[in-house]
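Inside the fold
If you want the building blocks of each chain, they are given just below.
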Amino acid sequence: MYQYSEFDRSFVNQRVAHYRDQTQRYLDGKLSDDEFLQLRLRNGLYIQRLAPMLRVAVPYGTLSSKQLHALASIARNYDRGYGHLSTRQNMQFNWPALEDVPDILQALADVDMHAIQTSGSCIRNVTTDQFAGAAADEQIDPRPFCELLRQWSTSHPEFEWLPRKFKIAVTGATQDRAAIGVHDIGMRIYGDDASPENALVDIYAGGGLGRTPVLGALIYQGLPIKHLLTYTEAIMRVYNRYGRRDNKYKARIKILVRALTAEGFKAKVDEEWTHLKDGVSTVPADTFQRLGEFFTPPAYTDQPDVSATLADQRLTHPAFNRWLTHNVGPHKREGYAVVTLSTKSVGVPPGDVSSEQIDAVADWAERYSFGEIRISHEQNFVLAHVAKSQLFELWQQAEAHALASHNNGLLSDMICCPGGDYCSLANAKSLPVAEAIQRRFEDYDFQFDLGDIDLNISGCMNACGHHHVGHIGILGVDKKGQEFYQISLGGHAGHSEIPPKLGQIVGPSVARAEVCDVIDKILRVYLGLRLDHESFLSCFNRVGIAPFKENIYASAA
Amino acid sequence: MPQLLRNSDQGWQIVDEPDAQWQSLSDWQAAGGSRGRVTVNVDSEPDQSWLSADAIAVDFPALTDGRGLSLAVLLRTRYGYTGDLVARGGVHEDVVHFLARCGFNVIELPQGRDLQTALRWVSPHTDYYQASVSNPTPHFLN
């Protein structure tokens, strides 16, 4: 993974010094609340319902054991002993004290981490495939390109004060685990790791969830990768100049793309690009090669064939069998596997992990995965390079730390935002809904029988829980001061060649007490109608929304 | 007396300069549009005809309105403007470094702001990652 140079190190340290001074001036009354707001957001600090929240950047979701141990320490020393994995691969702390944040940022800088631009109307963390560099279906590792974008966008003087937040996602695999179709800029890179400088990139713009969900438009197909920065600069300049600033609900780039039409938007960007193309920010081959060298495969060793041992362990340990089935995926290297450690247990808010669990994962990474950890946008940890011979041992330890829920991809592997319990933007609480569903459908055999279902919960239209692209989506709404929940079906984040799709609302929203019953009805309709082992999504696509609508609202009629 | 930071060969300094007479763009154009000092809004489309002005001031309605930054970049790079490029309006001590790197060479802080603090933070970093007006070589080329 990427290693900081002295340049990177001095940059983050200087940033901490600047923020420390800003905090002091704010506490001395020299900066107003509004002035400090803009500065603290760009250093990751939100003020929420109950307490400040600090969002630490985990660039493209990759971090080292040492860094993860430091996050555990921060959770212990400055917070309430836990952290939260976000849907953009970052880690959040829910209870830091405002005056402690400069010290927390220094603790981060000491391990080559930061919270730069994790909030505010600026370019945010570039996210990617949580299995980057490992997945069997990967064509090219997207992370060298993510690192380049990270550097280019860090404190970019022209693009720090955009109309709204800006999110970029990158993929290099057949299956898009980065959901590029619903990002402000989505990038699909083609090529091979041996010559990153020859890669091509398809660029999508104007995708997003939230109030007005929309899929990104393809605005450049097959751009030679050396133009990555100049073309992105052209997009950013057009957005910075022409994005709406009169209405914050109409200020994302997706609104601009729609207003200009995709063709119109592309024309403006291409025109701007004529002035930038082949200019000083054109990236030479050796830059790609140099960055690529940070992401070369780890020191794999030849692995014995352990299929017989694993088969045995599967028989003697049914829970291990389930875990292997759902949480362990194919690796590009023979004898290795990609492991998802689930944070989703009954009664635990999805994505929340204690400092003990964080330290444990950091240790396991050291022992089993070359010291590297990923955070997925499904709010789980990933150990990307585990030898199959060590899977059982890892699983036993994960079990002991409540990180072995064998539910990856299943109903209880939900994406859920913090919701009304924590977030002042929320219309309704999301966590109690998640917990109720987890408890109601706890039975593993039932979940296994259901198969892969993406259930995503958001507490408001901002869609931080990605409800639009859930197979089952739940959206908290405020109906005359009461918390109600709107259910949608059939959304998905995109798979293989199939672009993402937004869910269809099934009918009027329901009270919280009814949500589990509604989910129950939905699942029973599916089980009643499905053919053979047809997945929920396939069944829905085949039968449509009508049978679900009828069943849910029949008794109300 | 305006509160000014000016960039020169010796770097950024606090300077004493008399209050300037500024004309709005429309007034300036009506008066013949040459020499003199003109103020423009952040949503203006830059124009060739502005190049003869001795000074162009960009009025930031708020520090959060980043359009003035793109305007400065375009004026310096695309249009090659060499006169004084002045940032004024909703600017404060902690955004001067963005303004500086986008090509503003004069920053006028509103009354009540702290020029010493602004000067202190006109360059919070010794170097930056990306190419900019003030830093034409991107770090990845070093």
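Above this text you will find the structure in question.
Summary of the structure given here. (Residues numbered from 1 in each chain as written. Chains lettered and ligands numbered in written order. Predicted model: local features only at pLDDT ≥ 70, side-chain atom pairs only at ≥ 80, totals over all residues. Heavy atoms only, no water.)

Scanning chain A for helices and strands turns up 17 helices and 21 strands. In summary, chain A has a C-alpha radius of gyration of 23 Å against a globular reference of 24 Å for 557 residues, a match within 12%. Across its three principal axes, chain A shows a C-alpha extent of roughly 60 × 60 × 50 Å. Residue burial in chain A is summarised as follows: out of 557 residues, 62% are buried. Counted over contacts in chain A with a minimum sequence separation of 6, partners at least 24 positions apart contribute 68%. Carbon and sulfur atoms form 50% of the exposed surface of chain A, whose accessible area is close to 20,300 Å². Counting 56 positive and 66 negative side-chain charges, chain A places the averaged centre of each group 7 Å from the other. (Helix = DSSP H or I, 4+ residues; strand = E, 2+ residues; numbered from the N terminus. Rg over C-alpha atoms; globule rule 2.2 N^0.38 Å. Buried < 20%, exposed > 50% of the residue type's maximum accessible area, 1.4 Å probe, protein only. Contact = heavy atoms within 4.5 Å. Areas by Shrake-Rupley, 256 points an atom, 1.4 Å probe, with all protein chains shown as cover. Lys, Arg positive; Asp, Glu negative; His and termini not counted. Charge placed at Lys NZ, Arg CZ, Asp CG, Glu CD.)

The next point concerns the pairing of strand 5 (residues 55–60) of chain B. Across a regular strand the side chains alternate sides, sitting on one face of the sheet and then on the other. Residues and elements named next belong to chain B. Counting buried positions along strand 5 gives five out of six residues, so the element sits mostly inside the fold. By the bridge criterion, five bridges tie strand 4 (residues 37–41) to strand 5 in an arrangement that is parallel. If you follow Thr39 over to strand 5, its bridge partner there is Ala57. Strand direction decides the pairing type here: strand 5 and strand 6 (residues 84–89), joined by six bridges, are parallel. (Pairing = 2+ DSSP bridges.)

Now for the layout of surface pockets. Residue and element names in this part refer to chain A. What the second largest pocket holds in volume is close to 870 Å³. If you go around the second largest pocket, you meet 38 residues; those closest to its centre are Gln175, Arg177, Glu378, Asn408 and Gly409. Going through the elements one at a time, helix 10 (318–327), strand 11 (328–330), strand 12 (336–341), strand 17 (455–458) and helix 16 (536–543) are the ones with two or more residues in the lining of the second largest pocket. For the lining of the second largest pocket, a count of residues per class yields twelve nonpolar, 19 polar and seven charged. (1 Å grid on protein atoms, 1.4 Å probe; cavity = no way out; pocket = protein on both sides within 12 Å on 5 of 7 lines; lining within 4 Å. Points joined across faces, edges and corners; volume = space filled by probe spheres on them. Nonpolar A, V, L, I, M, F, W, Y, C, P; charged D, E, K, R; others polar.)

Quick look at the sheet that holds strand 7 (residues 168–171) of chain A now. All names here are of chain A. Spatially, five strands are ordered 6-7-8-9-10 in an open sheet, and the strand pairing comes out mixed. A single partner strand is all that each edge strand has here, and the edge strands are strand 6 (127–128) and strand 10 (217–224). Sheet topology places strand 8 (residues 185–190) next to strand 9 (residues 200–205); six bridges connect them, and they run antiparallel. When the bridges of strand 9 are listed, Ile185 appears paired with Ala205. In the packing of helix 5 (residues 143–153) onto the sheet, contacts are made with strand 6, strand 7 and strand 8, and the angle to strand 7 comes to roughly 160°. Helix 7 (residues 253–276) rests against strand 9 and strand 10 of the sheet, and its axis sits at about 25° to strand 10. (Axes fitted to C-alpha atoms, helices over the stretch in contact; angles between N-to-C directions.)

The pairing of strands in a sheet comes from backbone hydrogen bonds and takes either a parallel or an antiparallel form. Residues and elements named next belong to chain A. Across the sheet, five strands lie side by side as 1-2-5-4-13; this open sheet has antiparallel pairing. Where the open sheet ends on each side, the last strands, each with one partner, are strand 1 (45–47) and strand 13 (352–354). Sheet twist, expressed as the average angle between the axes of neighbouring strands with direction ignored, equals 30°. Here three bridges tie strand 2 (residues 52–56) to strand 5 (residues 91–93), and the two strands are oriented antiparallel to one another. Bridging across to strand 5, Leu54 finds its partner in Phe93. Running over the sheet, helix 3 (residues 65–78) touches strand 2, strand 4 (82–85) and strand 5 and is turned about 15° from strand 5. Contacts from helix 11 (residues 355–368) reach strand 4, strand 5 and strand 13 within the one sheet, and its direction differs from that of strand 13 by about 85°.

The next point concerns the pattern of salt bridges. Going through the model one piece at a time under the given rule, you end up with 44 salt bridges over all chains. When the shortest N-O distance is used, the salt bridge between Glu158 of chain A and Arg237 of chain A registers 2.7 Å. Here Glu158 of chain A, found in the loop between helix 5 and strand 7, pairs with Arg237 of chain A, found in helix 6 (residues 228–242); they are 79 residues apart in sequence, far enough to count as distant. In this structure, Glu158 of chain A and Arg237 of chain A share a single accessibility class: buried. Put simply, Glu372 of chain A and Arg374 of chain A hold a salt bridge, and the shortest N to O gap is 2.6 Å. For the pair Glu372 of chain A and Arg374 of chain A, a shared accessibility class is recorded, and that class is buried. Taken together, the salt bridges that share partners define one network made up of Glu158, Glu233, Arg237 and Glu272 of chain A together with Arg78 of chain B. (Salt bridge = Lys/Arg side-chain N within 4 Å of Asp/Glu carboxyl O.)

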